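What follows is each chain in one-letter form.
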Amino acid sequence: MINALLSLLVFQLLGEVLVRAMGVPIPGPVVGMLLLFGALKLRGRVPDTLHKVSEALLNNLSLLFVPAGVGVMVHLNLLRTGWWQLLVTVIVSTLITLVVTALTMQGLVSVQRCARGGQTDG
Amino acid sequence: MGEPIIEIWVYLAQTPLLWLVTTIGVYQVAQALSRRVGAPPLLNPVLLTIVALVSLLLLTDTSYDVYFDGAQFIHFLLGPATVALAMPLYQAERKLRQVLLPGLGALVVGAATGIIAAVLIGTLVGLDEPVLRSLAPKSITTPIAMGVAEAIGGLPSLTAVLVILTGMVGAMVGREVLDLLRCRDQSIRGFAMGLASHGLGTARALQLDREAGAFAGLAMGLNGAMTAMLVPPLLRWLGL
């Protein structure tokens, strides 16, 4: 258990260090995730304890956002001027982003499928 | 016998334990409540928990700093949990190879759409320029979004609030919107939710499907970098 938690933390630390050393705008933990992905590929399987600890964390990922969400209260006054305009903008633009992203990816997947299909046929 | 209740409160209010326990407890109650009524989008457990906790803090006149002393232990786990997303990503590796190129295309288009839509709609409803600048990076994870806002002359603390709201929108209705689009591919569903609403969207995608969660985490990370790169040139292009 401790080993599994340690490896997650070590990969996070590696990610944080790399991000700072290279000055790229990506969160350290995300780089840690990619590094761990690479390590798992090299190893060829997921160790049991690592799987268990990860599941425990990921099953409760929503809970982990609560403290940051409560932080909204500190800046609630910022929304006082023009709150409905902000709300409308956030809701509509987020929905547009969601839809455009899904449709673009869906479209590109079918293009790719056609292109690949064409190659094997021809 | 015993201490008067006020003294117990004074003791509890000073230890991190109280708000740590309250955060987890309220979240469990909110989850049970939401499930009992069939988990409607508007009764999202995270939203319920945040509203309940903010009310509780205001009622007891507790500052966010005191609250965070306890809640930081939960907040800290976000780092290792993000690293742990490597697990579902590893399990979805074959799928990842298949949709890598379409994903990268959707990343560029989606990131640009997020920025342009926010600024244009904000202009349309009459928001001021510093507010528009704070809106531009709202689809990405808080630390990067605040950094971007700062660099382009927005208000980082306003951006932090907008980022959370954006995440809540994706978490609350993402599933329903993607159902309406008849989008069934879990990798696409997850990618769209992670790109449009970062960590909160990722957490929701993960609850719905493991593969969707893996792709949401990936999209969240990639979009952090893509949006940070695209915001300055796109704002110039939009005349801001």
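Values in this document were obtained by computation on a predicted structure and should not be read as measured data. (Residues numbered from 1 in each chain as written. Chains lettered and ligands numbered in written order. Predicted model: local features only at pLDDT ≥ 70, side-chain atom pairs only at ≥ 80, totals over all residues.)

Caption draft 1: Representation of the interface of chain B and chain A within the structure. Across the contact, 88 residues belong to chain B and 62 residues belong to chain A. When residues of the side of chain B that touches chain A are assigned to their parent elements, the largest contribution, 14 residues, is made by helix 7 (residues 93-124) of chain B. Considered class by class, the residues forming the side of chain B that touches chain A number 59 nonpolar, 28 polar and one charged. (Contact = placed C-beta atoms within 7 Å. Helix = DSSP H or I, 4+ residues; strand = E, 2+ residues; numbered from the N terminus. Nonpolar A, V, L, I, M, F, W, Y, C, P; charged D, E, K, R; others polar.)

Caption draft 2: Structural detail: helix 11 (residues 186-208) of chain B. Residue and element names in this part refer to chain B. Helix length check: helix 11 (23 residues) gives 9 Å between terminal C-alpha atoms against 33 Å at 1.5 Å per residue, more than 12% under. H198 marks where helix 11 bends most, by close to 145°. Of all 23 residues that make up helix 11, 21 are buried, and the element is covered over most of its length. (Expected span 1.5 Å × (residues − 1). Bend = angle between axes of the 7 residues up to and from the residue. Buried ≥ 20, exposed ≤ 12 C-beta atoms within 10 Å, placed from the backbone.)

Caption draft 3: Highlighting the UniProt feature "transmembrane region" (unreviewed entry) in chain A. The sites that carry the UniProt feature "transmembrane region" (unreviewed entry) are, in the present numbering, residues 25-44, 56-76 and 82-103 of chain A. Overall, residues 82-103 of chain A shows 95% helix and 0% strand. The separation of its end C-alpha atoms is 32 Å. (UniProt positions renumbered as here; feature names shortened; annotations may be inferred.)

Caption draft 4: The arrangement of the nonpolar core in detail. Ranked by internal contacts, the top residues of the largest apolar core, which has 105 residues, are A84(B), A86(B), F191(B), A192(B), A216(B) and A219(B). If you tally residues by element for this core, the top one is helix 10 (residues 156-180) of chain B, at 14 residues. (Core = buried A, V, L, I, M, F, W, Y, C linked by C-beta atoms within 7 Å.)

Caption draft 5: A look at the packing of helix 7 of chain B against helix 11 of chain B. Residues and elements named next belong to chain B. Contact pair helix 7 / helix 11: the axes reach a minimum separation of 10 Å and the direction vectors enclose 35°. Read as a crossing pair, helix 7 and helix 11 show a hand that is right-handed. Contacts from K95, V99, G103, A106, L107, G110 and G114 in helix 7 reach S187, F191, L195 and A196 in helix 11. When the residues that make up the contact of helix 7 with helix 11 are grouped by side-chain class, the tally is six nonpolar, four polar and one charged. (Axes fitted to C-alpha atoms, helices over the stretch in contact; angles between N-to-C directions. Left-handed = near helix turned anticlockwise from the far one by under 90°.)

Caption draft 6: View of the environment of G71(A). Within the fold, G71(A) resides in the loop between helix 5 (66-70) and helix 6 (83-121). The exposure class assigned to G71(A) is buried, which follows from the 21 C-beta atoms found within 10 Å.

Caption draft 7: Geometry of the domain arrangement of chain A. In terms of domain boundaries, chain A breaks down into domain 1 (1-64) and domain 2 (71-122). If you average the C-alpha positions of domain 1 of chain A and of domain 2 of chain A, the two centres end up 26 Å apart. (Domains from an automatic or database assignment.)

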